[in-house]
Amino acid sequence: MIIPRPYYLNQLIAAKGNSLIKVVSGIRRCGKSFLLNELFRRHLNSEDVPNDHIINIALDDLENEEFRNPLKLLRHIKSAMRDDAQYYVLLDEVQMVDRFPELLNSLLHIPNLDTYVTGSNSRFLSKDIVTEFRGRSDEIHMYPLSFAEYYSAMGGDKSDRWREYYSYGGFPQVLALDGADKKRSYLSNLARTVFLADVIERNRVRNRAEFSELLEIVASSIGAPVNPTKLSNTFKNVKKVSISHKTIANYLTYFQDAFLIEKAMRYNVKGKKYINSLSKFYFTDTGLRNALTGFRQIEETHLMENVIYNELRIRGYSVDVGIVEQKVTTPDGKTERKQFEIDFVADKDSRRLYIQSALYIPDEAKMIQETASLSRIDDSFTKIVIVKDNIEPWTDSRGIHFVGLFDFLLNSEVLIF
């Protein structure tokens, strides 16, 4: 099954020949290799680029182990270039090359070479490349299949596809597996023998059991604010294990560097400042998250929130969790300051969206609850409630917009009011 991935392919095509290193980053198994080695290569062929002018090396292939030496790889690339025509080099999992920033810097010096690389670790890629290249790299961050991509490949009843998607996620290989048992087995194996083992080995983690258990705790906490101190207390009080908040903070960074999770910080909308005490963590893939919980906590409300977060990130938004503070009068007549949470504060360029995720709004009481935070924001940015119900988009008297989940996931223009 070929899934086109035009959103990412078009970014590669637009960046062609821009004199920058094109970096395709993202979690393992999300489709980076297929994007570069199949879809982009086919594009080059369609533009009449001959195969001998496309130098394609998978560095995670044992047969290419010698090319993990940067000098051998550089000599191999140069020896393959036999004329002054344009060449393209596609390097898969470039972080496996020793001193790879130096290698890429050397490739930039070859005038008729356009360089594309993939990698699965932000510490090895984003940070090193940003430091080393200072504006000479162009990062294209890739996620597992969005719901729109998943649905374009699978078709059928949207509700059925949605249930599959939030249960088993968007890793392309999942689509080729028949039945829930095979999907669960694949994801469980991926979570523990690929991702966890890879992160443990890369970061030389000694407390392996606690490290694995931390990721499971985070998986059980999507939609809930957490911080390293709170997690440290959980280990101490529940697990009877002592792990410092500093160690936990490091472990969380390792998970983020491997693109397993992303951090959404809490932002005080009226105070216009970040609150560092608590954050939320969302999984790059809900199937991976469910595998880490043993498929025992498939709560649609939290998974819907996670999917909305990922969709906003795919569309290029930076996403925080919003807080609105306001004084309220209690039933006994006292005044107290109360915090109202906004699920997402999404920013892109000069545009801001305040978004609330609601599985159902069956009555007026639920309506008041779901819009309590949005109605207390006194700026003019767009306020939206995304509802699982299949509703026609509408706007209430306060200017709050209501959009159905499938309209949001399948139509990137639906949030433009």
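Residues numbered from 1 in each chain as written. Predicted model: local features only at pLDDT ≥ 70, side-chain atom pairs only at ≥ 80, totals over all residues. Heavy atoms only, no water.

## Quick word on the nonpolar core
The nonpolar side chains of a soluble globular protein tend to be buried with one another.
Reasoning step 1: With 94 residues, the main nonpolar core has Trp162, Leu260, Leu312 and Phe408 as its most contacted residues.
Reasoning step 2: A per-element tally of this core places helix H9 (residues 180-203) first, with nine residues.
Reasoning step 3: Setting aside anything within four residues of it in sequence, one finds Phe408 in contact with Ile308, Glu311, Leu312, Arg315, Ile386, Val403, Val414 and Leu415.
Reasoning step 4: Within the second largest apolar cluster, 23 residues are counted, among which are Val97, Phe100, Leu103 and Val117. (Core = buried A, V, L, I, M, F, W, Y, C linked by side-chain atoms within 4.5 Å. Buried < 20%, exposed > 50% of the residue type's maximum accessible area, 1.4 Å probe, protein only. Helix = DSSP H or I, 4+ residues; strand = E, 2+ residues; numbered from the N terminus. Contact = heavy atoms within 4.5 Å.)

## Digging into the pairing of strand S8 (residues 318-329)
Reasoning step 1: Here strand S6 (residues 261-268) pairs with S8 via three bridges, running parallel. By the bridge assignment, Tyr267 is partnered in S8 with Gly322.
Reasoning step 2: Of the strand pairs in this sheet, S8 and strand S9 (residues 335-348) are connected by 11 bridges, and their pairing is antiparallel. If you follow Lys327 over to S9, its bridge partner there is Arg337. (Pairing = 2+ DSSP bridges.)

## Focus: the sheet that holds strand S13 (residues 400-404)
Reasoning step 1: Strand order across the open sheet formed by eight strands is S7-S6-S8-S9-S10-S11-S13-S12, with mixed pairing between neighbours. Either end of the sheet is taken by a strand with one partner, and the two such strands are strand S7 (273-283) and strand S12 (394-395).
Reasoning step 2: Bridge count between S6 and S7: eight bridges; the pairing is antiparallel. By the bridge assignment for S7, Lys263 is matched with Phe281.

## Comments concerning helix H3 (residues 70-80)
Reasoning step 1: Residues of H3 that are buried include every one of Pro70, Leu73, Leu74, Ile77 and Ala80, and no others. Projection of H3 onto a plane perpendicular to its axis shows the buried side chains occupying an angular sector of 130 degrees, all on one side.
Reasoning step 2: As for H3, its buried residues are in contact with strand S2 (54-58), strand S3 (87-92), helix H4 (100-108) and strand S4 (113-119). (Arc of directions from axis to C-beta.)

## Digging into the pairing of S3
Reasoning step 1: Among the six residues in S3, six count as buried, and that is most of the element.
Reasoning step 2: Covered by surrounding structure in S3 are Tyr87, Val89 and Leu91 together with Tyr88, Leu90 and Asp92, the residues of both alternating faces.
Reasoning step 3: The pairing of S2 with S3 spans five bridges and is parallel. Its bridge partner lying in S3, Ile55 is registered against Val89.
Reasoning step 4: Following the chain from S2 across H3 to the adjacent parallel S3, one finds a crossover that is right-handed.
Reasoning step 5: For S3 and S4, the ladder comprises five bridges, and the chain directions are parallel. Of the residues in S4, the one forming a bridge with Tyr88 is Asp114.
Reasoning step 6: Following the chain from S3 across H4 to the adjacent parallel S4, one finds a crossover that is right-handed. (Right-handed = clockwise from strand over helix to strand, strands pointing away.)

## Observations regarding the packing of H9 against helix H10 (residues 208-219)
Reasoning step 1: Closest axis-to-axis distance for the H9/H10 pair is 11 Å, and the angle between their directions is 120 degrees. Classified by the interaxial angle, the pair formed by H9 and H10 is oblique. When the axes of H9 and H10 are compared, the crossing they make is right-handed. Seen from H9, the contacting residues are Arg192, Leu196, Val199 and Ile200; seen from H10, they are Arg208, Phe211, Ser212, Leu215 and Glu216.
Reasoning step 2: In the contact of H9 with H10, the residues fall into five nonpolar, one polar and three charged. (Axes fitted to C-alpha atoms, helices over the stretch in contact; angles between N-to-C directions. Parallel < 35°, antiparallel > 145°, perpendicular 65-115°, else oblique. Left-handed = near helix turned anticlockwise from the far one by under 90°. Nonpolar A, V, L, I, M, F, W, Y, C, P; charged D, E, K, R; others polar.)

## Digging into the sheet that holds S3
Reasoning step 1: One open sheet accounts for five strands, arranged S2-S3-S4-S1-S5; its pairing is parallel. Edge strands, defined here as strands with exactly one partner in the open sheet, are S2 and strand S5 (137-142). Shown here is a sheet whose adjacent strand axes are inclined to one another by a mean of 15 degrees, direction ignored.
Reasoning step 2: Bridging between strand S1 (residues 21-26) and S5 involves six bridges; their strand directions are parallel. Bridge assignment links Gly26 to a residue of S5, and that residue is Met142.
Reasoning step 3: Contacts from H3 reach S2, S3 and S4 within the one sheet, and its direction differs from that of S2 by about 155 degrees.
Reasoning step 4: The sheet contacts of H4 involve S1, S3 and S4, and relative to S4 the element is tilted by about 160 degrees.

## What about the environment of Gly17?
Reasoning step 1: Locating Gly17 in the fold gives a position in the loop between helix H1 (6-15) and S1.
Reasoning step 2: Residue Gly17 is classed as exposed on the basis of its relative accessible area of 54%.
Reasoning step 3: Those residues within four positions of Gly17 in sequence are excluded, and the remaining contacts are Lys22, Asp114 and Tyr116.

## Here's the deal with unusual backbone geometry
Reasoning step 1: Positive phi, close to 50 degrees, is recorded for Arg204, a residue that is not glycine.
Reasoning step 2: With relative accessibility at 74%, the residue Arg204 sits in the exposed group.
Reasoning step 3: Positioned with a positive phi, Asp349 is a non-glycine residue whose angle comes to about 55 degrees.
Reasoning step 4: Within the secondary structure, Asp349 sits in the loop between S9 and strand S10 (351-358).

## Here we look at the environment of Ala346
Reasoning step 1: Note on placement: Ala346 falls in strand S9.
Reasoning step 2: For the pair Ala346 and Asp178, spaced 168 residues apart in sequence, the C-alpha separation works out to 36 Å.

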